[in-house]
Amino acid sequence: MPALNDYLFVSGLLFAIGLAGVILRRNIIIIFMSLELMLNGANLSLVAFSRYRLVNGLPDYNAQALVFFIITVAAAEVAVGLAIIVALYRARKTTHVEDINSMHY
Amino acid sequence: MPTLLFYLFALIALLFGAGVIVNRNPVSSALCLVMSFVGLAALFIQLDAFLIGIVQILVYAGAVMVLFLFIIMLLDLRSEKRRRINRLAWIGGAGVTAAFVFLLLAALQNFQGERFPALRPDIAATLRAENLPADAASTDSALIALTAGRLPDVHLTGEVLFTRFVLPLQIVGALLLVATVGVVVLSKRRLT
Amino acid sequence: MPAHCLEACVIVLGLILLLLEAFLPKPPRRLLALTAIAGLGAVLVALFFVDRSPESSASLGAYYVVDPPALFFKGFALLATLLVLVMSLDYASVIRSYLQTSEDEPDAGLGEFFCLPLFTCAGLMWMASARDLVAIFVSLELVTISFYVLVAYMRRNIGSLEAGVKYLILGALSTGFFVYGVAWIYGLTGQTDLLRIAEALRPAETAAVASSTALVFALGLLLSGLGFKIAAVPFQIWVPDVYQGAPTPVTAYLSVASKAAGFIVTLRVLEPFLQSPIAHQTILVLLVLAAASIVFGNLCAIPQNNIKRLLAYSSIAHAGFLLLAVASVRSNAGESGGITAGAAVSFYLAAYLLMTLLVFLVVTLVRSRTGGEDLAAFDGLGKRSPFLAFAMLVGMISLAGVPLTAGFLGKFYVFLLALEARYYTLIVIAALGAAAGFYYYFKILRSVYWERATDESPISIPLPTRWAITAIIAAIFILGVYPQPVLSIFE
Amino acid sequence: MSILDFIILLPLAAALAIGAGLPARRTALAAAGLNLLLGLIALARFGNHDPSSGPAFAASRTVSRNPEIAWAVGLDGMSLVLLLLTVLVTFAALWQAGTPKDNVRLFYISLLLISAGSLGAFLTTDLFFLYAFHELALIPTFLLIGIFGKGDRRAAAWKITIYLAAGSLVLLAGLLLLVLALVQDGALTFDLAALAERAAAQPIGDSSQSLIYLLLLIGFGTLVALFPLHSWAAPAYAAAPTPAVMLHAGVLKKFGLYGLLRLSPLLPAGAERWLTLLLVLLLGNILFVGLVTLTQKRLDSMLAHSSVMHMGYIFLGIAAFQADHTLGAAGAVLLMFAHGLSIALLFALAGRLEEKLGSLDMTKLGGLAKITPRFAFLFGLAAFASIGLPGFANFTGEILVFLGGFQSLEPGAPLGGLQIATILAVWGVVISAVYMLRAYRAIFLGELTESNVTASLTDLTLSQKLPAGLLVAGLLVTGIYPWFLQRFLEF
Amino acid sequence: MEPAWFLLLLPLLAAAVIILFTRKWKTLSSAISVGAAAVAFLISLGLLGRNDEQVLAFRWMEIGDLRIDIGILLDGLSRSMMFTVTTVGLIIHIYSLGYMRNDEGKSRYFAGLSLFMFSMTGIVLAENFIMMFIFWELVGVSSYVLIGHWFTRNPPVEAAKKAFITNRIGDFGFLVGILLIWSLTGSLAFSGIQEGLPAAAAYPSALAIAVLCLFCGAVGKSAQLPLHVWLPDAMEGPTPVSALIHAATMVAAGVYMLARIGFLLAAAAPSAVLIAWIGGLTALFAAVVATQQDDIKRILAYSTLSQLGYMIMAAGLLATQAAMFHLFTHAFFKALLFLGAGAVIHACHHEQNIWKMGGLRKNMPLTFATFAIGTAALVAVPYVTSGFFSKEYILDAAWSQNGNLFWIAAIVAFLTPFYMIRLLLVAFFGRARSRHVEQAREVPLVMGVPLLLLAVPSIAIAWFSGLIEWIQIPHPEHHATHPIVLTVSILALLGGGGLAILFYRERASEPFRAAPVADKFYFDELYDGLVRYIQGGLASLSAFLDRSVIDGIAVKGIGRIAAGTGYLLRLIQVGNIQAYAFLFGMGVILTIFLLLAL
């Protein structure tokens, strides 16, 4: 069975990939997907911790509850986010970040 | 054997995760995302977090993905036209990511080979039995499951959610309401 | 009445208004807004009569604590929301123009704009009471998401949308870091309740904590999440654009409520770490952030010409001053007298709320009358409306920190704390920053009083706004001369 | 409520009333007149007050428990003299003030605020309010010069505002350090008397004393235009409207000296450590700025520079005081009084001259004494007063300062820095004679140059003479019979 | 209340009344002023004949153990000086009634005179140094006012300014001296200083310096080298003023002061010698210059300078009685001369150049007679004039103490008759050289009587030595003046006079010009240069530094730096989400690194 830090490493990598995506991609939707990746990375570590830190013989369900909340929040975030993106697309006909910097300095 | 599976699923999650950010075509990125989530779900399940695993599939692979694809279709996004790739962005992104991974490794030092602890449902069972009134003990399905050595995952998660986390749960309710209203307001085409 | 009913009341109020908005044939939006204001006022009054005993909400445990700071910040949130709603009334015309509405119902879609702040308010109030990372996370997200909506609300307005997108992406990013940080904290301590975490981090139990490296890693991630909320350098990056683009009342709300919430959470979250073995470097980092914020905010504000953008930079600067107070938290824990960092931060925030909202009330009015948000729009305000000009004057001198105003006392206590903690370098930086502050705040007064207006037509002021402004001005001076009432909350 | 509270609040109340719509000029004058009356009453009642029993008319209201800040007022010899100065000059300035084309209310409100600020600063016995009140006067100055000023008014107003703001931040740092250095079992106090006790009971360490004193010197020095921190003064005074400059140069500027005089006893070591520096700087004021004054071509900027120069003598008195020569202190206070009256008088007359002639370019004027003998006579009195002619208060102050310089010098002992500085300062008297007489000769004597033979130039009417007469009377009485003020100045 | 107080207050009162109320009614104003002077004269007369010494004090200020009084010190010295001042003062007041009859600034003029009387009285009666300094300065002001009386013309105005500032320079030294003396003897009152003197004598050098500083005051007031430049210019003022202030009384204040502090001079021998030399040199210099002047008043002015030089020299030689005695006699005959000159000028419609006069002897016999008497006194005609005795004392003192100075004095004694006779010949003899002069008429009685009144003492003092005793003029008790002194002075008189007659009989124009002498050895030019180049240069330099360095670089520079930095820093906010995300990530990384590093 793999050790805890294997999981943590995987989750960290996932998080890093997400981060890289946010920084590198220029399509807002894909940036958004990358953000989801990051959240899931976090989730994985949480679950892993909860499994490796047994409380009286069982996984720590507090952590899993937190994961549950995170997933919910993420979903809500996606909904709102996509709505904004749609509105933006309607107004500007683009989802490309470089096209939306009317405000700067 | 479980180790192998771990590597498999981890690989799936990571590779498709990478796929999300390398693909030029949004649709394929979305599909990669699904796959990576599936891999993730598998990892959850391997960690005995069955409920979370299922929710992961349902919410992400189900709802979120559909939403993404739907929007992509709606906006009819083609694969990005080849713009001059922004070198600075690439260097920066790579640099930041690398630095992050480095820090991660540094942090990971002290979990070297923390072994995978075996579940002890019996301990939980005895504790639970003590806390329960005698008559309830016979009917409490979780207790039965535990004593049977199984892990009543859903039951226990639900229990925590609806007892300890009742306030956060309500807050999340409000949050969802706000989100709904927000989405409606933001995406109505014409207000009447 | 137990304290946690307050949030319930606010939520219910919001729901009722939403339902009215949804199901009335021609909902009177102004009336809805006024109802909301009245309701918030009622809750604010109720706040003074709630059961302050900790056990009143014991059933909710770490997810809901009742202590002076919590109550103070609940009141803070209520007041801020109330004033923002007043502001929104003046701003309605602008919003309307950006929501392509049908002629038969000109202010359709305004209803939600008046309702959403109520839920934000509830989120802020919950946050004030949260002592568990989970509760903090969810209430924080409630606030954040409602802000996503509010910022992007004027969806026919490029600026608003752009601001919305920027806030969305960066907000989500910070959420990601925060969550990951929470995960690590949990992993290291096995706890999400801050008290328990504190126990786990006590120097005695350091053995339990795997290593400082991982802890530091986690702390860094948390700080990034919080730094985003309080708009501290280097997490301020979103602030100028979002402040500039968002609807003015929302900008005000962001700069006051979201910042304040960020700070109370920061205070609560940092508490365990400041007794932990890594307290030293935590404080040092806080100081670095503070210095960076003060310098960046104050200097960048100087060349600005859009008033909202200018205020954005100034709010970064104020975040710096507040962080300075936060960083002084431990040094004066025991020995010397004077006021505690918590009290100082709270007082500063109270002052900040008053003066910022005062300024934004004026900005909103001017925007809705002249249609401009550049400094030029304020030329000759002294002639067009002495009242508004005076309000602007008071707001500015308070922000700049001229004595006998609340703003001065805020800075005063911060300086006191920092000097007590012997952060001399920081003091020098802060002093320089404050001096620069005079420069750009008075730049605004310059155009208000010295410049000639293009059209001299007087500006009419709606009654609620006039009341609000008068009240705030009075409050600024009263607090500026007689701070004890606020301070005694924390004694 | 002590009589002093009334004296401070009266102008504020008047300002409010004017804001609320009462006739500006009449209200302001009434308030000023009443204050003058109250001031004289205070003078009369002060005579039968026993100085050993602390300040007279003391009253105190705590506004913050820890740090202990109180709205506390009290009157001792020094503040009595400055109180008289303030009420006299205020009355004269308000009387002198005409009615600008627009913003009349703002004009008088600002003037009243300056007066109130100085009164508060001089009458309070609490360090916090001492600082706060002075700062408050910053804003009206900004408005008065910026809106109602002349010539390069904006640049001047901008400079004075930013400059003084920055200076007062340094000052604030110094004051806070002082208070912190005198912490007693965790209790911080801003009460001057308490601070003095603590300092006496347990002096501050030398190193921190010298730091604090330096900060105070820079801070106060900036406010008093101590060389080389003086470059704000001349342009501001040249640009300011007459009543504003009367109040600022005449009264407000004295605050820095007052503060230094009050606080330096708490920091004997620091004062000693920096005495040489202070001496060098004040000589900079007297000789360097004196020479600069010689080159001025316009009357107003000449007067402005001269007032900067004369600050040097007061500083000399303070320096002497710090070398525990009590005469110096008395001299400094008398000189503040005298300089305040004379410079106010000079600026008043210059202002009137300009409004009649539209120019103060001395190269273009000449021979006015032929047309306006009374005016010339008054100006002559003022000029001679300001160059320290016996019979005027200025001489009394200067002679005391000089005596202070040589007080308790061991017979035959070599001259110390203080004595040398004093001798050089005495030479300054010659310089000031040169530029004053030059100016007087250029404007009033010699042939009448056509350029200014204007019908509008009429001699003073009685009501125009009244404010000037008031000031002259003050100067003469104190000059001929100084004992009536000086007896209160025991140090 | 002591009558002495009225001595002080009456003139002040008169001045105040005139300024505040009666400037409209000129005659009334002049009457008030003259009345005040008359009463003052009577009072001072009443004070004579007592030889007690009394001090009246009035607390001016008091701090700790330092008490400064406005006090009156009545002793022989002050009584006699008071007598001189009031007498000459009264006479000149009366004279002015005529001289200034039609002047439009009459009220101002008389106010000025009264103010001067007040100030002068103050100096004379002063009981301590501070008080003396106060009135010292006030005298300066009143002379400023009176010199500049005709302020619409430029020369008087300039002269007034020059006088005041030059005096200020002297007063600088005076004040420093006062401070030094105070620190040495611990007192400001003359009595106290005298007590403290023994202790102070322990530090002779310090004392010497202090005394020299005090002497600076005298240099300024009594117009000694190098601060003499103001006195000749001061002649721009109305002639009575020149007579009263710039001949008889004010300029003598320096001498009086030295007499007051005679005991200090005695204690500081080296500085006394220096003082004597300055006096001597001034006497010589002025006498030389006088020989080449053409303006009647300037000649007299320079002669005044040289006479003052005599007195200072005497004071420096510690023969203060001689100095005071000469001061006394000189006051009368010099006032007489000036008034005479004034009469001439008045009669000749303000013609002052002696070469344009001539033959006035016939038109103005009274004036001529009195003027001649005055001249006789000034050139010290032996045994018949008061001037003779006082000058003898001085020469005698010089002879007995300092040979060189004696010979200098002798030369002066030779020059004096030379230029005076020259003046007399050119102005009064020969034939008139201009129309005004031909039509010159004898002055009215109101101006004539004062001439007579002054002519009397110029002679009389010499004969009634009892009078001297009564007035208590300090004068050396009778002793045979040294024969050499006597002969020398007589020879000098004859030589000088003879030479003058030789050169200037029947001359219509200056036979020979010695430019440097005529131009007063270029002192004015020198000082103008100093002021223009040294002071002016310094001033413009500091003005430049003030503008460019202090304000330009220091102040404005800081502002620009701040603004510039802000301008650059804000460029971080590029507005591109990608960049923002990158920066945010960087922020996180940096924070964590910092946490690790610190």
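Only a predicted model underlies this, so the values are computations on that prediction, with no experimental measurement involved.

So, how was this worked out
Residues numbered from 1 in each chain as written. Chains lettered and ligands numbered in written order. Predicted model: local features only at pLDDT ≥ 70, side-chain atom pairs only at ≥ 80, totals over all residues. Heavy atoms only, no water. Helix = DSSP H or I, 4+ residues; strand = E, 2+ residues; numbered from the N terminus. Buried < 20%, exposed > 50% of the residue type's maximum accessible area, 1.4 Å probe, protein only. Contact = heavy atoms within 4.5 Å. Areas by Shrake-Rupley, 256 points an atom, 1.4 Å probe, with all protein chains shown as cover. Rg over C-alpha atoms; globule rule 2.2 N^0.38 Å. Lys, Arg positive; Asp, Glu negative; His and termini not counted. Charge placed at Lys NZ, Arg CZ, Asp CG, Glu CD. Patch = residues over 30% accessible without salt bridge, like charges linked within 9 Å, V, L, I, M, F, W, Y side chains within 5 Å. Salt bridge = Lys/Arg side-chain N within 4 Å of Asp/Glu carboxyl O. Polar contact = N/O pair within 3.5 Å; in protein donor to acceptor, adjacent residues only side chain to side chain. Buried area = accessible area lost by both parts, 1.4 Å probe. Axes fitted to C-alpha atoms, helices over the stretch in contact; angles between N-to-C directions. Parallel < 35°, antiparallel > 145°, perpendicular 65-115°, else oblique. Nonpolar A, V, L, I, M, F, W, Y, C, P; charged D, E, K, R; others polar. Expected span 1.5 Å × (residues − 1). Bend = angle between axes of the 7 residues up to and from the residue. 1 Å grid on protein atoms, 1.4 Å probe; cavity = no way out; pocket = protein on both sides within 12 Å on 5 of 7 lines; lining within 4 Å. Points joined across faces, edges and corners; volume = space filled by probe spheres on them. pLDDT = per-residue confidence, 0-100. Pairing = 2+ DSSP bridges.

A. Here's a closer look at the overall build of chain E. Along chain E, the regular secondary structure elements total 26 helices and four strands. Dimensions along the principal axes, computed over C-alpha positions, put chain E at roughly 115 × 60 × 55 Å. Evaluated residue by residue, chain E yields a buried proportion of 63% over its 598 residues. Sequence-distant contacts, at least 24 apart, represent 80% of the contacts inside chain E between residues at least 6 apart. Summing over all exposed atoms, chain E offers an accessible surface of approximately 20,300 Å²; the carbon and sulfur share of this is 69%.

B. Summary view of the overall build of chain C. Along chain C, the regular secondary structure elements total 19 helices and zero strands. In terms of overall size, chain C behaves like a compact globule, its C-alpha atoms giving a radius of gyration of 22 Å where 491 residues would be expected to give roughly 23 Å. With respect to the principal axes defined by its C-alpha atoms, chain C has extents near 70 × 50 × 40 Å. The burial tally for chain C puts 74% of its 491 residues in the buried class. Element-wise, carbon and sulfur atoms account for 65% of the exposed surface of chain C, whose accessible area totals about 12,400 Å². Both charge centroids of chain C, one from 28 positive and one from 28 negative side chains, sit 6 Å from each other.

C. A look at a nonpolar patch on the surface. A cluster of nonpolar side chains, contributed by Leu526(E), Leu530(E), Val531(E), Tyr533(E), Ile534(E), Leu538(E), Leu541(E), Phe544(E), Leu545(E), Val549(E) and Ile553(E), occupies part of the molecular surface with about 1,000 Å² of accessible area. Mapped onto the fold, Phe544(E) is located in helix H25 (residues 523–569).

D. Structural detail: unusual backbone geometry. The omega angle of the peptide bond from Val233(C) to Pro234(C) is 0 degrees, so this bond is cis rather than trans. A cis amide bond links Leu225(E) to the next residue, Pro226(E), at an omega of 0 degrees. Tracing the backbone shows Pro226(E) in the loop between helix H8 (204–221) and helix H9 (230–234). Backbone geometry places Asn103(D), a non-glycine residue, at a positive phi of 60 degrees. Tracing the sequence through the fold places Asn103(D) in the loop between helix H3 (77–96) and helix H4 (104–123). Classification of Asn103(D) by relative accessible area gives partly exposed; the value is 24%.

E. Region of interest: the side chain of Asn40(A). Examined against the element boundaries, Asn40(A) turns out to sit in helix H2 (residues 28–52). Judged by relative accessible area, which is 0%, Asn40(A) ranks as buried. Among the polar contacts listed, one links the side chain of Asn40(A) to the backbone oxygen of Glu36(A), at a separation of 2.8 Å. What Asn40(A) contacts, discounting residues up to four positions off in sequence, is Leu14(A), Phe37(B), Leu40(B), Gln56(B) and Tyr60(B).

F. Representation of the interface of chain B and chain A within the structure. The interface of chain B with chain A comprises 88 residues on the first partner and 73 residues on the second. Our count for the contact surface shared by chain B and chain A stands at one salt bridge. One salt bridge in this structure joins Arg51(A) and Asp48(B), with 2.5 Å as the shortest N-O distance. For the side of chain B that touches chain A, the secondary structure elements donating two or more residues are helix H1 (2–22), helix H2 (26–46), helix H3 (50–75), helix H4 (87–108), helix H5 (121–131), helix H8 (153–163) and helix H9 (166–187) of chain B. Here the element with the most residues in the side of chain B that touches chain A is H3(B); it accounts for 12 residues.

G. Just the interface of chain E and chain D, in detail. Each partner contributes residues to the interface: chain E has 52 residues there, and chain D has 57 residues. Carbon and sulfur atoms supply 74% of the area buried between chain E and chain D, which totals about 5,000 Å² over both sides. By the criterion of area lost to chain D, the three top residues of chain E are Trp60(E), Ile63(E) and Arg168(E), representing 13% of everything that side buries. One can count 15 residue pairs in polar contact (both at pLDDT 80 or more) joining chain E with chain D.

H. Molecular detail of the pattern of salt bridges. Across all of its chains, the model carries 36 salt bridges over all chains by this definition. The partner of Arg29(C) in a salt bridge is Glu21(C), with the nearest N and O atoms 2.9 Å apart. Exposure class is identical for Arg29(C) and Glu21(C). Each is buried. The salt bridge involving Arg154(D) is made with Glu451(C); its shortest N-O contact spans 3.3 Å. Of this pair, Arg154(D) sits in helix H7 (residues 153–181) while Glu451(C) is found in the loop between helix H17 (424–450) and helix H18 (463–481), placing the two residues in two different chains. For Glu451(C), a relative accessible area of 28% corresponds to the partly exposed category. Each member of the salt-bridge network shares a partner with another, and the members are Glu162(C), Lys166(C), Asp241(C) and Arg309(C).

I. Seen up close, the packing of H4(D) against helix H11 (residues 242–252) of chain D. All names here are of chain D. Between H4 and H11, the least distance of the axes is 10 Å, while the angle of their chain directions is 5 degrees. In this view, H4 runs roughly parallel relative to H11, as classed from their interaxial angle. Along its contact with H4, which presents Phe-107, Leu-111, Ile-114, Ser-118 and Phe-122, the element H11 presents Pro-243, Ala-244, Leu-247, Val-251 and Leu-252. Of the residues contributing to the contact of H4 with H11, the split by class is nine nonpolar, one polar and no charged.

J. Up close: H8(E). Taking 1.5 Å per residue, 18 residues should reach 26 Å; H8(E) reaches 26 Å between its end C-alpha atoms and fits that length. Residue Ala223(E) follows H8(E) closely and has a positive phi angle near 50 degrees.

K. Molecular detail of helix H20 (residues 462–480) of chain D. Along H20(D), the sharpest change in direction is near 30 degrees and occurs at Ala468(D). Taken as a whole, H20(D) has its buried residues at Pro467(D), Ala468(D), Leu471(D), Val472(D), Gly474(D), Leu475(D), Thr478(D) and Gly479(D).

L. How the structure looks around the environment of Arg422(E). Residues and elements named next belong to chain E. Turning to its location among the elements, Arg-422 is positioned in helix H19 (residues 403–428). Accessibility expressed as a relative area gives 0% for Arg-422, which makes it buried. Considered as a pair, Arg-422 and Ala-500 are 78 residues apart in the sequence and their alpha carbons are 5.5 Å apart. At 3.3 Å, the side chain of Arg-422 and the side chain of Tyr-504 are in polar contact.

M. Region of the structure containing the arrangement of the chains. Inter-chain contacts occur across eight pairs of chains; the most extensive set of contacts lies between chains A and B. Regarding chain A and chain D, which are not in contact, the minimum distance between any of their C-alpha atoms is 25 Å.

N. View of empty space enclosed by the protein. With the rule as written, the count across this model stands at 16 cavities of 30 Å³ or more. Taken as a whole, the largest cavity holds about 120 Å³ of empty space. Contributions of two or more residues to the lining of the largest cavity are made by helix H18 (393–406) and helix H19 (417–444) of chain D together with helix H5 (129–147) and helix H6 (154–185) of chain E. Looking at side-chain class alone, the lining of the largest cavity contains nine nonpolar, one polar and four charged residues.

O. Representation of the confidence of the model for chain E. Looking at chain E, pLDDT values average 86 and 98% of them are 70 or higher. On the interface metric, ipTM, the complex scores 0.92, and its pTM is 0.92.

P. A look at the pairing of strand S3 (residues 66–69) of chain E. Sheet topology note: the strand S2 (residues 59–63) of chain E/S3(E) ladder contains four bridges and is antiparallel. When the sheet's bridge partners are listed, Met61(E) is paired in S3(E) with Ile68(E).

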